[in-house]
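Secondary and tertiary structure notes
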Amino acid sequence: MDRPPRRRELVYYVAVSLDGFIAAPDGSADAFPVEGDHMELVVGEYTDALPGHVQRALGVRADLSRFDTVVMGWGTYTPALAVGIDSPYPHLRQYVVGSPGRRTGADVTLVQDAVALVRALKAEEGGSDVYLAGGGELAGSLLEEVDRLVLKVNPLLLGDGVPLFGRRGPRTTHLEVLDRRAFASGVTVVEARPRR
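Calculation criteria
- Residues numbered from 1 in each chain as written.
- Predicted model: local features only at pLDDT ≥ 70, side-chain atom pairs only at ≥ 80, totals over all residues.
- Heavy atoms only, no water.
- Salt bridge = Lys/Arg side-chain N within 4 Å of Asp/Glu carboxyl O.
- Helix = DSSP H or I, 4+ residues; strand = E, 2+ residues; numbered from the N terminus.
- Buried < 20%, exposed > 50% of the residue type's maximum accessible area, 1.4 Å probe, protein only.
- Arc of directions from axis to C-beta.
- Pairing = 2+ DSSP bridges.
- Axes fitted to C-alpha atoms, helices over the stretch in contact; angles between N-to-C directions.
- Contact = heavy atoms within 4.5 Å.
- Phe/Tyr/Trp six-rings, centres within 6.5 Å; stacked < 30°, edge-to-face > 60°.

**Regarding the pattern of salt bridges**
Within the structure shown, the criterion is met by 14 salt bridges. Among the ionic pairs, Arg119 bridges to Glu145, the shortest N-O distance being 2.8 Å. A residue pair is termed long-range when its members are at least 10 positions apart, and Arg119 in helix α4 (residues 114–123) and Glu145 in the loop between α5 (136–141) and β7 (148–154) qualify at 26 residues. Ionic pairing is found between Arg167 and Glu137, a salt bridge with its closest N-O pair at 3.3 Å. Placement of Arg167 in the loop between β8 (162–163) and β9 (175–182) and of Glu137 in helix α5 is noted, with a sequence separation of 30 residues between them.

**Digging into helix α3 (residues 74–82)**
Within α3, the full set of buried residues consists of Trp74, Tyr77, Ala80 and Leu81. One side of α3 holds all its buried residues, which, seen down the axis, span an arc of 120°. Structural note: α3 exposes Gly75 and Ala82 on the side pointing more than 90 degrees away from its buried face. One or two residues past the end of α3 sits Gly84, with phi positive at roughly 85°.

**Observations concerning the sheet that holds strand β1 (residues 10–17)**
Across the sheet, which stays open at both edges, the 8 strands sit in the order β5-β4-β3-β6-β1-β7-β10-β9 with mixed pairing between neighbours. Whereas interior strands pair on both sides, the edge strands pair on one side only; in this sheet they are β5 (108–111) and β9. Averaged over neighbouring strand pairs, the angle between their axes works out to 25° when direction is ignored. Here strand β3 (residues 67–73) runs beside strand β4 (residues 93–97); their pairing, made up of 5 bridges, is parallel. Paired with Val70 across the two strands is Gln94, which belongs to β4. Each of β3, β4, β5 and β6 (129–134) touches α3; the most contacted strand, β3, lies at about 100° to it. The sheet contacts of α4 involve β1, β3, β4, β5 and β6, and relative to β4 the element is tilted by about 160°.

**Remarks on the pairing of strand β10 (residues 188–194)**
Among the 7 residues of β10, 5 are classified as buried, and the element is accordingly described as predominantly covered. Across 5 bridges, the pairing between β7 and β10 is antiparallel. Bridge pairing in β10 links Leu151 to Val190. In this structure, β9 lies alongside β10, joined through 7 bridges in antiparallel fashion. Paired with Arg180 across the strands is Val190, a residue of β10. Between β9 and the antiparallel strand that follows it, β10, lie 5 residues; Gly186 among them carries a positive phi value of about 95°.

**Quick look at unusual backbone geometry**
Phi is mostly negative for residues that are not glycine, and the peptide bonds are mostly trans. Going from Gly134 to Gly135, the amide bond is cis rather than trans, its omega being 5°. Looking at the secondary structure, you find Gly135 in the loop between β6 and α5.

**Here we look at the packing of aromatic side chains**
In this structure the tally under the stated criterion is 7 aromatic pairs. On the numbers, 4.3 Å between centres and 10° between planes, the contact of Tyr13 with Tyr46 is stacked. Taken together, the residues Tyr13 in strand β1 and Tyr46 in the loop between α1 (39–44) and α2 (52–58) connect sequence positions 33 residues apart. Overall, the relative accessible area of 4% leaves Tyr13 in the buried class. Look at Tyr46 and you get buried, because its relative accessible area is 3%. Among the aromatic residues, those joined into a ring-pair cluster are Tyr13, Tyr46, Phe67, Tyr89 and Tyr131.

Here is the structure:
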C-alpha cells in the first residue's frame, strides 16, 4: 500500500539568547558563538541552512535533504546585501518578504503576503522542508503556520534586541518538545512542535 506523500513543513531554525532575542538591537547576531561542539550539528545536520559563502569557507556542501527553500524577512536579507551578497542561499529557492520595489538578487523572489506564500509552499508535493530564517516579526506573523521550531538556545543574555517572535502579542502557544540536545559549549538545541 502506498503511503501518502510527506507533507512539507515550515521550520523556524534560529539561534536565540536565554532572554529570548535572536539578534541585538542593530540586527547583528555576532554575540552568538560560532565555535564549540554544537557546531557539529549546525554544520553536519543543518548544512542546508548555511549561507553559500559560509559553506564555501567551511568546505561543505548542502544536499537539500533538510531544506530546499528559505523564507526570510527584509531585515534578515539586508545584512547580506550590505556586504555585496544578493543571493545568500544560492542552493535554495529564496523568498524575501518585503515592500514592493525593493532591490533583490535575480535568484531571490520578493513577496508581500508571507502567509499565502508559506501555504503555497507547504502545499507543494515532494521536496524538503521550508526554512524560516527570520526575523522575529516575520516569525510572529507566521506563528500559526510554523510546524516545528529548532532553537539553538545560547547561554547568554542580550538584554534587548529582536525578539524570537517580534511583537506578536501575549498569545500563549503550548509546545510539544520533540528533542533536546545539550552541548559542552553551553548551547542547547531544542526541537519542538506547536500543539494545535
